[in-house]
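So you can see what is in the structure, the chains are spelled out below.
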Amino acid sequence: MAYSNKVIEHYNNPRNMGSFPKDDKEVGTGIVGAPECGDVMKLQIKVESGRIVDAKFKTFGCGSAIASSSLATEWMKGKTLDEAEKIKNTEIVQELSLPPVKIHCSVLAEDAIKAAIADYRKKTEGNGSV
Amino acid sequence: MKLPIYMDNHATTPMDPRVLEAMLPYFTEKFGNAASRNHSFGWEAEKAVDDARRQIAMLIHADPKEIIFTSGATESDNLALKGVVEMYREKGDHIITSVTEHRAILDTVKRLEKQGLKVTYLPVDKDGFVNPDDLNKAITDKTILISIMMANNEIGTINPVAEIGKIAKSKGVLFHCDATQGVGKIPVDVEAMGIDLMSFSAHKIYGPKGVGALYVRRKNPRVRLAPMMDGGGHERGMRSGTLPVPLIVGFGKACEICTQVMSEESQRLTKLQERLKEGILKNLDEVYLNGHPTKRLPNNLNLSFAYVEGESVLMGLKEIAVSSGSACTSATLEPSYVIRALGVGSDLAHSSIRFGLGRFNTAEEVDYVIKRVTETIQKLRAMSPLYEMAKEGVDLKTVQWARD
Ligand SMILES: Cc1ncc(COP(=O)(O)O)c(C=O)c1O
């Protein structure tokens, strides 16, 4: 299968690859997918005053899955939680020119974004600081 | 050393230059129809076909008259199964095959099943072998055919063919063997192995694409087949159509070369296979061999690299042609059914890579592949959340995964 140049570029130079300590209170972590499906994505965000100041990913999956999560971290950085939550998988599909058989990779990335935000919100719930 | 490196010789092989040379005159000056009986052009073509039939028969210890030319192993598989099922309908309506056969067998069997045929699919053990005892138990008085492959195209496991042949003979059931990956790589003897029908293909043994053969036994027993192709009655009426003489000449030459070089070549390839395996295992942990350690094709190595996904490995090895058992492109995200049949967890099935060595691979290429595989797997593991979790001591099997 031929990959788009953008997918290859993200695969060769992944953005923001790595991990934050999960238990830090300013960190939200989303892990989606399953090994037996051939895709697992971990997205993490670091939040200060309601804004995502940093993001990291680790992905087990095909090149398109790696590129989708790499792109997601790029797009999330600098956005507020509400803005980041609006990132749509279709935008990822368009940016990376993903073929139909790879759309699930973008869906997974969108799920991972939402999961990371939800995790952060759950952590900070009740202590008033958003 | 030249890049890219071709190490996918189970998919197809480059033609041996000696094969091409043998073929060339038959495209131009020696263009006759082998079925033309009244002039020298036809006689010349017929002689070339006869010679090729002899060269091919010699490689598998058959009689030249038992070779039926087809377009390739897919057609041979179709002809064997459909031809026997139609011809022996009165005798029974049950056949036995195995779960790791090539699609050319499994899809043909599925079509026949829809038309009322009863099919037993034998399982395989963790190394990919069919168990002869299972076969014995599956045979009924309605069984007309056993179709079991010689060597698997993904994991290289070589089935106990002679034992299967013996069981088939003792029960009076025909035995078809898809030997596409075995012929030319390991010794094949249709007599000693008790094979009644056998499929194989030229392009897997450094011959041209578009030609193959079905061996059809003529004595003890004489196997009959309903043809799929009606017409001029070529190939003992089993496969009509003007013979592609240049392709057949190439197929013959390819078999002749295999007869000459096979024992030496298989030793050389076994050494390269071991060099590749040991080189990779020395550099990386949690790499698992698929298939049997020794009862495998000399040219096959199939490894699962834990915590990384096969397609992303291929992407990293862009200047090396190998193949992945992972089929992440399909909507169902199903990994290889062959690897799954071994009982390998589907996470490892997603991470399998098939290396197919061949006549033209060198030790230098193998060393380059070891280096690039090592780099790629290390890079992808650094990126893998599963590797990270495993290193933290998390048992991945107990994790509750969030699925969509
Ligand atoms: C075991 C086996 N059977 C059948 C085939 C089909 O062969 P062909 O390409 O000659 O139709 C192949 C090739 O992929 C094979 O490996």
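Just above, that's the structure.
Residues numbered from 1 in each chain as written. Chains lettered and ligands numbered in written order. Predicted model: local features only at pLDDT ≥ 70, side-chain atom pairs only at ≥ 80, totals over all residues. Heavy atoms only, no water.

### Quick look at the site of the ligand
All names here are of chain B.
(1) Moving on: Close to the ligand lie 13 residues; Thr 74, Asp 178, Gln 181, Ser 201 and Lys 204 are nearest.
(2) Moving on: Within the backbone of Ala 73, an N or O atom sits 2.9 Å from an oxygen atom of the ligand.
(3) Moving on: At 2.7 Å, a side-chain N or O of Asp 178 approaches a nitrogen atom of the ligand.
(4) Moving on: Here the ligand, which alone exposes 400 Å², has 85% of that area covered by the protein.
(5) Moving on: If one sorts the elements of the shell around the ligand by residue count, helix α3 (residues 73-87) sits on top with three residues.
(6) Moving on: Within the shell around the ligand, the residues separate by chemical class into two nonpolar, eight polar and three charged. (Near = heavy atom within 4 Å. Polar contact = N/O pair within 3.5 Å; in protein donor to acceptor, adjacent residues only side chain to side chain. Areas by Shrake-Rupley, 256 points an atom, 1.4 Å probe, with all protein chains shown as cover. Helix = DSSP H or I, 4+ residues; strand = E, 2+ residues; numbered from the N terminus. Nonpolar A, V, L, I, M, F, W, Y, C, P; charged D, E, K, R; others polar.)

### A closer look at helix α1 (residues 5-12) of chain A
Because an α-helix completes one turn every 3.6 residues, residues spaced three or four positions apart along the sequence face the same direction.
(1) Moving on: Those residues of α1 of chain A that sit buried are Val 7, His 10 and Tyr 11 of chain A. Down the axis of α1 of chain A, the smallest arc covering the buried residues is 100°, so these residues share one side. (Buried < 20%, exposed > 50% of the residue type's maximum accessible area, 1.4 Å probe, protein only. Arc of directions from axis to C-beta.)

### Quick word on the interface of chain A and chain B
(1) Moving on: Opposite the 33 residues of chain A that make contact, chain B presents 26 residues.
(2) Moving on: Taken over both partners, the interface formed by chain A and chain B buries close to 2,600 Å², and the fraction arising from carbon and sulfur atoms is 63%.
(3) Moving on: If you sort the residues of chain A by the area they bury against chain B, Tyr 11, Glu 36 and Phe 60 of chain A come out on top, with a joint share of 26%.
(4) Moving on: Linking chain A to chain B there are three salt bridges.
(5) Moving on: Two residues, Glu 388 of chain B and Lys 58 of chain A, come together in a salt bridge whose shortest N-O distance is 3.2 Å.
(6) Moving on: Scanning the region where chain A abuts chain B turns up 14 residue pairs in polar contact (both at pLDDT 80 or more).
(7) Moving on: The residue makeup of the side of chain A that touches chain B, split by class, is 19 nonpolar, eight polar and six charged. (Contact = heavy atoms within 4.5 Å. Buried area = accessible area lost by both parts, 1.4 Å probe. Salt bridge = Lys/Arg side-chain N within 4 Å of Asp/Glu carboxyl O.)

### Side note on the sheet that holds strand β12 (residues 323-324) of chain B
Residues and elements named next belong to chain B.
(1) Moving on: Ordered in space as β9-β10-β13-β12, the four strands form an open sheet in which the pairing is antiparallel. At either margin of the open sheet sits one strand with a lone partner, and together these are β9 (287-289) and β12.
(2) Moving on: In terms of strand pairing, β9 meets strand β10 (residues 300-305) through three bridges, oriented antiparallel. Within the sheet, the bridge partner assigned to Leu 289 lies in β10 and is Leu 303. (Pairing = 2+ DSSP bridges.)

### Some details on the sheet that holds strand β3 (residues 94-98) of chain B
All names here are of chain B.
(1) Moving on: The strand order across the open sheet built from seven strands is β2-β8-β7-β6-β5-β3-β4, with neighbouring strands paired in mixed fashion. In this open sheet, the two edge strands, each paired with only one partner strand, are β2 (67-70) and β4 (118-122). Averaged over all adjacent pairs, the angle separating strand axes in this sheet is 20°, with direction ignored.
(2) Moving on: As judged from the four bridges shared by β2 and strand β8 (residues 212-216), these two strands associate in the antiparallel manner. Within β8, the position partnered with Phe 69 by the bridge is Ala 213.
(3) Moving on: In the packing of α3 onto the sheet, contacts are made with β2, β3, β5 (143-147), β6 (174-178), β7 (197-201) and β8, and the angle to β7 comes to roughly 160°.
(4) Moving on: Relative to β4, helix α4 (residues 103-114) is tilted by about 150°, and along the sheet it contacts β3, β4, β5 and β6. (Axes fitted to C-alpha atoms, helices over the stretch in contact; angles between N-to-C directions.)

### Notes on the environment of Glu 191 of chain B
All names here are of chain B.
(1) Moving on: Secondary-structure assignment places Glu 191 in the loop between β6 and β7.
(2) Moving on: Counting along the chain gives 129 residues from Glu 191 to Ala 62, while the straight-line C-alpha distance between them is 7.4 Å.
(3) Moving on: Within polar-contact distance, the side chain of Glu 191 engages the side chain of Arg 217 at 3.2 Å.

### Re the pairing of β7 of chain B
All names here are of chain B.
(1) Moving on: Judged by how many residues are buried, β7 sits mostly within the fold: five of five residues are covered.
(2) Moving on: Alternating residues of β7 divide into Leu 197, Ser 199 and Ser 201 and Met 198 and Phe 200, and every residue in both groups is buried.
(3) Moving on: Bridge count for β6 against β7 is three bridges, and the pairing is parallel. Bridge assignment links His 176 to a residue of β7, and that residue is Leu 197.
(4) Moving on: For β7 and β8, the ladder comprises five bridges, and the chain directions are antiparallel. For Leu 197, the partnering residue across the bridge sits in β8 and is Val 216.

### What about the packing of aromatic side chains?
Residues and elements named next belong to chain B.
(1) Moving on: In total, this model carries five aromatic pairs over all chains according to the counting rule given.
(2) Moving on: Here the aromatic rings of Phe 69 and Phe 251 are separated by 6.3 Å at their centres, their planes lie at 65°, and the arrangement is edge-to-face. On the criterion of sequence distance, the pair formed by Phe 69 in strand β2 and Phe 251 in helix α7 (residues 245-283) is long-range, its members being 182 residues apart. In this structure, Phe 69 and Phe 251 share a single accessibility class: buried.
(3) Moving on: Ring geometry for Tyr 206 and Phe 360: centres 5.8 Å apart, planes at 90°, overall edge-to-face. Highlighted residues: Tyr 206 in the loop between β7 and β8 and Phe 360 in the loop between β13 (352-356) and α11 (363-382), separated in sequence by 154 residues.
(4) Moving on: With a relative accessible area of 39%, Phe 360 lands in the partly exposed category.
(5) Moving on: Here the aromatic cluster, defined as three or more aromatic residues joined through ring pairs, consists of Phe 69, Phe 200 and Phe 251. (Phe/Tyr/Trp six-rings, centres within 6.5 Å; stacked < 30°, edge-to-face > 60°.)

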